[in-house]
Amino acid sequence: MRLTVIGTGYLGAVHAACMAEIGHDVLGVDVDSAKVEALAAGRPPFHEAGLGELLARNVEAGRLRFAISAAEAADFGEVHFVCVGTPQCPGSDAADLRYVDAVIDALAPHLHRDTLVVGKSTVPVGTAARLAARLAGLAPAGAGARLAWNPEFLREGYAVQDTLHPDRLVVGVGSPADDELLRAVYAPILQADQTPWISTDFATAELVKVSANAFLATKISFINAIADVCDAAGGDVTTVARAIGYDNRIGSRFLSAGLGFGGGCLPKDIRAFLARAQELGAGEAMRFLREVDEINMRRRRRTVDIARELVGGSFLGRNVAVLGAAFKPDSDDIRDSPALNVAATVQLQGGQVRVYDPAAMGNARSQFPSLDYAPDAEKACEQADVVLHLTEWQEFRDLDPAVLARVVRRAAVVDARNALPAERWQSAGWTVRALGRTFAPAA
Ligand code: UDX
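Residues numbered from 1 in each chain as written. Predicted model: local features only at pLDDT ≥ 70, side-chain atom pairs only at ≥ 80, totals over all residues. Heavy atoms only, no water.

1. Things to note about helix H8 (residues 176–185)
Each α-helix turn comprises 3.6 residues. Residues three or four places apart therefore point the same way.
Turning to step 1, where the next piece is worked out: Restricting attention to buried positions, one finds in H8 the residues Asp178, Asp179, Leu182 and Val185. Down the axis of H8, the smallest arc covering the buried residues is 115°, so these residues share one side. Looking at H8, the residues exposed on the side facing more than 90 degrees away from the buried face are Pro176 and Ala177. (Buried < 20%, exposed > 50% of the residue type's maximum accessible area, 1.4 Å probe, protein only. Helix = DSSP H or I, 4+ residues; strand = E, 2+ residues; numbered from the N terminus. Arc of directions from axis to C-beta.)

Below, the structure is given as structure tokens:
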């Protein structure tokens, strides 16, 4: 089939490459010509495992092209996927729908024949119904220009795998014919993996996505709330998480306590969900999401507090090494990164902060130019009074604490991701602090 993917960010670039990989002819469309040029040359504009090879292979095979014109997209595609961002509105919790609206407004006037436009962006419930009317109203094809909603659940770092082997596919459609068309688009995936197919109305499809993210955020904040009680009572949250995780009604995933969630999705999605529920008169039901957000944001403050305590009560005149800038490992995404939030706060409180991240240095430097950056973990730790482990890259787990102990001024580490081999660090002479765990001083 001939597909277009409009918006080639984290979601769209991966979706375009994966749709080409399963055999479709794909045109990726973006207003950013630099991004389009990079993608057309087979270069992903961000760090995502496996995407480079996938792009190169499909561009080479002629199944994947990129362009900037909405008219070209309309002319080319039988099905158009909308993958633009829905960030938080400045000054409010609601989602900013200007990019989604702009795609419909740009594309619709060129739709002269029957077409299906498929939204994948995360939107407040009710958006698809509104856009369906707008699309049909603006398109020369009238009611032949139809809308569907097909939320995505991919995780950065596993985006290719999640797109080619999703654990479920969800579509909100206006007719059985549109359901059939989308099944045809995804047929190779459905056949290969027997993927569950959930076909529903617009509102339910929209709600599946925001509910999934709200649940995941709640799970993380739940275990982080338990971490606070562990700190107060002298318990170990990692053992609590492991033990409750064996109950398969609970499950062990998304129970890693620590610095909490960040990124371009969970934080803004729970806020937008709450804002939308309030608009619908169901705000009370979703009020707990405010607490989920509060618990999460407190993690950042708590990490700064522990670090300040470790350096004697004030950051003035103290060197602070920060390991990690990305919002999570295996990504160079720094949107709402807890690590950079902590780094910037420590700096604002007078600390000399030096940051190292395996992949996010370029992004971090451009967003936080006033922080100091080091070319590797060891250099970041030179003369440090405290080391903050804020993003759990494997590279940091593999560090030799004995080597680092020789370059720091004081061997003290905050493992804000509960991911370092604490005993090994203690044996190498480090004072180790974490969130939700207390370590006896090394013998
Ligand atoms: C998330 C959802 O998982 C995905 O389904 C949705 O489509 C987009 O949002 P992503 O933002 O890529 O994906 O990251 P994810 O792996 O979910 O992690 C989100 C944040 O939670 C990260 O900051 C991570 O460090 C944190 N996290 C995750 C925890 O603090 N503890 C955990 O146990 C798991």
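2. As for the site of the ligand
Turning to step 1, where the next piece is worked out: Around the ligand sit 20 residues, and of these Phe153, Glu156, Ser256, Gly262 and Lys328 come closest.
Turning to step 2, where the next piece is worked out: Contacts to the ligand include Leu154, whose backbone N or O atom sits 3.1 Å from an oxygen atom.
Turning to step 3, where the next piece is worked out: Lys328 places a side-chain nitrogen or oxygen 2.9 Å from an oxygen atom of the ligand.
Turning to step 4, where the next piece is worked out: The fraction of the free accessible surface of the ligand (670 Å²) that becomes covered by protein chains is 92%.
Turning to step 5, where the next piece is worked out: With four residues, the top contributor of residues to the shell around the ligand is helix H10 (residues 202–233). (Near = heavy atom within 4 Å. Polar contact = N/O pair within 3.5 Å; in protein donor to acceptor, adjacent residues only side chain to side chain. Areas by Shrake-Rupley, 256 points an atom, 1.4 Å probe, with all protein chains shown as cover.)

3. Regarding the pattern of salt bridges
Turning to step 1, where the next piece is worked out: If you walk through the whole model with that rule in mind, you get 28 salt bridges.
Turning to step 2, where the next piece is worked out: For Asp162, the salt bridge is made with Arg155, and the minimal N-O distance between the two is 2.8 Å.
Turning to step 3, where the next piece is worked out: The partly exposed category is assigned to Arg155, whose relative accessible area is 30%.
Turning to step 4, where the next piece is worked out: Residue Arg276 pairs with Glu279 through a salt bridge whose shortest N-O separation is 2.5 Å. (Salt bridge = Lys/Arg side-chain N within 4 Å of Asp/Glu carboxyl O.)

4. Regarding the domain arrangement of the chain
Turning to step 1, where the next piece is worked out: As far as domains go, the chain holds domain 1 (2–199) and domain 2 (201–443).
Turning to step 2, where the next piece is worked out: Spacing between the C-alpha centres of domain 1 and domain 2 amounts to 32 Å.
Turning to step 3, where the next piece is worked out: In this complex, domain 1 contributes 34 residues to the contact, which on the side of domain 2 involves 28 residues.
Turning to step 4, where the next piece is worked out: Per-residue buried area on domain 1 facing domain 2 is highest for Asp93, Val125 and Glu156; these three make up 27% of the total on that side.
Turning to step 5, where the next piece is worked out: The tally of links from domain 1 across to domain 2 stands at three salt bridges.
Turning to step 6, where the next piece is worked out: Glu156 is the salt-bridge partner of Arg335, the closest N and O atoms lying 3.2 Å from each other.
Turning to step 7, where the next piece is worked out: Scanning the region where domain 1 abuts domain 2 turns up 15 residue pairs in polar contact (both at pLDDT 80 or more).
Turning to step 8, where the next piece is worked out: If you list the elements that add at least two residues to the side of domain 1 that touches domain 2, you get helix H6 (127–138), strand S6 (145–149) and strand S7 (169–172).
Turning to step 9, where the next piece is worked out: No other element matches H6, which puts four residues into the side of domain 1 that touches domain 2. (Domains from an automatic or database assignment. Contact = heavy atoms within 4.5 Å. Buried area = accessible area lost by both parts, 1.4 Å probe.)

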